Structures are given as structure tokens and as C-alpha cells.
Amino acid sequence: MSESTSEWTRRRMLAALASAAGATFAGPTREVRAEEREEESGAPRDPTKVPGPGPSALGERSPFASLRRTTAFGAISGTPLQDLHGTITPADLHFERHHAGIPAIDPAEHALLVHGLVERPLRFGLRDLLRFPAVSRIGFLECSGNLRIDAGPETTPQDVCGLTSQSEWTGVALGTLLREAGLRPGASWLLAEGSDAAVMTRSIPIEKALDDAIVAYAQNGEALRPAQGYPIRLFLPGWEGNANVKWLRRIEVADRPFMTREETSKYTEPIRGGRARQFSFTMDARSVLTTPTYPAQLEPGWHEIRGLAWSGRGRIVRVEVTSDGGRTWQDARLLGPVLPKAHTRFALPWRWTGGGAALASRATDETGYVQPTRRALIEARGPGSLPYHLNPIMTWIVEPDGRVLYAAEPWDVAS
Ligand SMILES: Nc1nc2c(c(=O)[nH]1)N[C@H]1C(S)=C(S)[C@@H](COP(=O)(O)O)O[C@H]1N2
Ligand SMILES: [Mo]
């Protein structure tokens, strides 16, 4: 809340209280609590009696609807999945993963260099990019390290897998810029480089660059947030977060991958037999319940089980939900629009009659891929695997007293 507004509201509230002098607030606990809330929030008791503040230059959330990212390790912050509705993540709640902090970039000083195996090396400033045909696309962005493997029962979806968010991204198709520069024969990979202190670099196959990659300058209708890569970032629909290079400053076209640190020592997954998956770009189908989850406290009666499902390979076609720990499954309703490579909201009414329950969801995408169990993942990856690309079915336990807890299970994939 901005200082001026809260001060204004406060004065307004005092005036309202003064005009109501003589009224008594005796007795009921409810009334007293309302009064205390009013003190904290500055909201008048009866909004029909006093005109509220007028329009303002910048909106703000209701003080009753507080939303926060949770931060950890000075390097990540998670989206409060359990507190959001629909599929779009408000930009100020988009998860963050910075390998060396957020650079402060003046767009007038920033340019994207496209060079290497091209006919004409080119440099694009933000003003140049804004003149190219714009494309917009709603899509999720997920870190491939999006599973906290040491989570305990008192863990929210935000804290166990909050490194996924969704925005409407707007920018220029990367293919448009590459055609402008002209690809030379043999062009098959490109290097994307960021201008942060990490100088993040990743190799991207040219097919993806020409397919649906976007040099994005906007997020949910406004300029990118500094945390999301202002003034420009690479957006690769359905591909692991790490390859979506922020603060993009250079694209070098080549005839082979560059074998950067982030695709050799990191972001590869050892699998059985002493082998490793490299360039595992695509995010596999996944789902997570958002309600009811920890820290919900359930009352007996009807509830709606809700969550998000997504796949880097296309559309979600089915989400099944269980309330008995996987003995029986029911198809949830998908709330449209169901977009490819996008968070999809699902819901299923459920009546809690008391007693224990174990809630979980299982997503299937249009390629027929079904979200695996934790056991199946461990079996496939073998021991000593790094915690990347883990998308297990996750369970939430409803205790007989109505508490909802994360069914934390040990992960024995990490050595
Ligand atoms: N330049 C640069 N790009 C980057 C990163 C970074 O640290 N520097 N982090 C990567 C990682 S690991 C992820 S998961 C996503 C996170 O994007 P976000 O912070 O917008 O959610 O950005 C990727 N792009
Ligand atoms: Mo990441």
C-alpha cells in the first residue's frame, strides 16, 4: 500500500469513526474483531456510509488479500500457487531464479546482437524490436529443479514446487530476427547469452528457435519485470526455465552446441547405467493440487479440489483426481481455455465427511504421456541422479481433524 493512500484512508477512517460517536460497540466478540481489523486495514466499518478513496495512478491489492512469494537461498522465490485462481500469475508473483542477482539495465543502453553463421550480423535495440510484428502467447515457465526434495508435512505447494508460473508473453518471434539476419548453411544451433553477472549461456537447437521461440519484451500486458529479464528475455514455450535466458544480449548462430556449463555440469540428469540425459529441454506433463493443501483446515462438507496441470509437449487432455490415495480415480473438469504448453486449471467437487483422506492428481497430455509416480521416477533415474525434471504425482493427506498436510516422502534419487 502506498504511504499516501494509507495515510489518506486512515484520516478518512478517523473521520468516519468521529461521526459515528455515540455508537456503542458492546459485547459480541465478532464486533470487536471487526473493529480491530478496521484499525489495521483502515477500511471503514460500513462502506455504504462514507465515500471511499477515489481513483489512483497505480492500483494495489486489498489489504485483506495479502499475497507473497517465499524466498530461499537468496537465489529463488516461489509463486503462491495455493492462493491463486485461474492460470495467469500476477507479474509481481512470478517465481524467480537468479544465478547472480538482477541486473539494472537501461533499455537505451541495451542491445541484442545476432551474429555467427548469419549473412548479416545485426544489433537490435528495444525500440527496433518494438517495430517488428508482435506475437503474444500464454505459457508456463518452470524451473527444471522444481521439486523440493527435503520438504516436510507442513509445506505448501508454493514451497514444494512454486517454481512454475504462467504469463502472457509478448515480443518478436525469434525466427523473424533470424530471417532478418539470414541463416547461413549449416546453422543448426545458437547460443543465447544474458547480460547478468552470471552471463548465463545456453545452446538452443535452431528448430526450436524457428518454431515458437519469442524474444519477449512484455509480460501480462506491460514491460517485463526486472526479475523476469527486463528489457528482453528468451521465452521457449514448454522448455525448462534455465534455457529461457533473461536480460538477453547475444545470439550466436553455429553448426554445433556450445557445451556451456549449464548444459554439461548442470541441467543434465544421470540415468541408469552410468549414462546421462543432456539437452533435456522439454518439461514433462505434471500436475499439482492447489486446494485443499497445507495450510488448509477443512470443515466437513462440500469442497472443490483444484489444481494446475501442464505439459511442455502440448495440451493437457486429462487430469484424474483421487481422494483415497490412488485406489480410485475420477476425471476432473478442465477449465478452459486449454492451451498448449500452458498451465491448465482443473477442478472436482468433493465432499469431506470427516475421517482421513489422501488427495492427489495425475495429468495426461496429448502425446499420451501420463504423470509418473515417485517410485517410477526413482526406478527410471537410478541412484545418484540430480533433482532435475522430477514431476511425480504428489499427495496431500487430510487428517481426521481437518488439517491438510503434504505427504512428504524421502527422495533417494539424490546421492
Ligand atoms: N541471464 C539469466 N537467465 C536466466 C537465469 C539467470 O540466472 N540468468 N536463470 C534461469 C533459470 S535457472 C530459470 S528457472 C529461469 C527463471 O526465470 P524467472 O526468474 O523469470 O522465473 O530463468 C533462467 N534464465
Ligand atoms: Mo531453473
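Calculation notes
Residues numbered from 1 in each chain as written. Chains lettered and ligands numbered in written order. Predicted model: local features only at pLDDT ≥ 70, side-chain atom pairs only at ≥ 80, totals over all residues. Heavy atoms only, no water. Salt bridge = Lys/Arg side-chain N within 4 Å of Asp/Glu carboxyl O. Helix = DSSP H or I, 4+ residues; strand = E, 2+ residues; numbered from the N terminus. Buried < 20%, exposed > 50% of the residue type's maximum accessible area, 1.4 Å probe, protein only. Polar contact = N/O pair within 3.5 Å; in protein donor to acceptor, adjacent residues only side chain to side chain. Pairing = 2+ DSSP bridges. Near = heavy atom within 4 Å. Areas by Shrake-Rupley, 256 points an atom, 1.4 Å probe, with all protein chains shown as cover. 1 Å grid on protein atoms, 1.4 Å probe; cavity = no way out; pocket = protein on both sides within 12 Å on 5 of 7 lines; lining within 4 Å. Sits in = over half its atoms within 2 Å of the grid points. Nonpolar A, V, L, I, M, F, W, Y, C, P; charged D, E, K, R; others polar.

Asker: How should the pattern of salt bridges be read in this particular structure?
Answerer: Side chains bearing opposite charge may pair, as long as their charged atoms lie close to each other. This structure, assessed with the given rule, holds 24 salt bridges. A salt bridge links Asp212 to Arg137, with the nearest nitrogen and oxygen atoms 3.9 Å apart. Of this pair, Asp212 sits in the loop between α6 (206–211) and β10 (214–219) while Arg137 sits in strand β6 (residues 135–142), and the two are 75 residues apart along the sequence. On the basis of relative accessibility, which here comes to 11%, the residue Asp212 falls in the buried class. Three or more residues joined by partner-sharing salt bridges are found here, namely Arg137, Lys208, Asp212 and Lys341.

Asker: Help me understand the side chain of Glu240 in this model?
Answerer: Residue position: Glu240 is located in the loop between β12 (233–235) and β13 (248–254). Exposure remark for Glu240: the relative accessible area of 0% places this residue in the buried category. Polar side-chain contacts of Glu240 include one of 2.9 Å to the side chain of His389.

Asker: When you look at the sheet that holds strand β1 (residues 70–72) in this model, what are you seeing that I'm missing?
Answerer: Picture the strands of a sheet paired through backbone hydrogen bonds; they go either parallel or antiparallel. Here 3 strands make up an open sheet; going across it, the order is β1-β2-β3 and the pairing antiparallel. Looking at the sheet topology across the chains shown, the edges are occupied by β1 and β3 (96–97). Two strands pair when backbone bridges link them, and strand β2 (residues 76–78) and β3 are joined in this way by 2 bridges, in the antiparallel orientation. The partner of Ile76 across the bridge, within β3, is Arg97.

Asker: What is the right way to look at the site of ligand 1 in this model?
Answerer: In the vicinity of ligand 1 lie 21 residues, with Phe95, His99, Asp196, Arg233 and Lys246 positioned nearest. One of the side-chain nitrogen or oxygen atoms of His94 is found 3.2 Å away from an oxygen atom of ligand 1. Protein burial of ligand 1: of its 530 Å² of free accessible surface, 100% is covered by the chains. One can see that ligand 1 is located within the largest cavity. Of the residues contributing to the shell around ligand 1, the split by class is 8 nonpolar, 8 polar and 5 charged.

Asker: Which parts of the structure should I look at to understand unusual backbone geometry?
Answerer: Excluding glycine, a negative phi dihedral is what most residues carry, and trans is how most peptide bonds are arranged. A cis amide bond links Tyr294 to the next residue, Pro295, at an omega of 10 degrees. Checked against the element boundaries, Pro295 lands in the loop between β16 (286–291) and β17 (301–310). Residue Pro337 is reached from Gly336 by a cis peptide bond, and omega for that bond is -5 degrees. Looking at where Pro337 falls in the secondary structure, it is placed in the loop between β20 (333–335) and β21 (344–352). The phi angle at Phe279 is positive, at roughly 50 degrees, despite the residue not being glycine. Phi at Lys341 is positive, roughly 55 degrees, even though this residue is not glycine.

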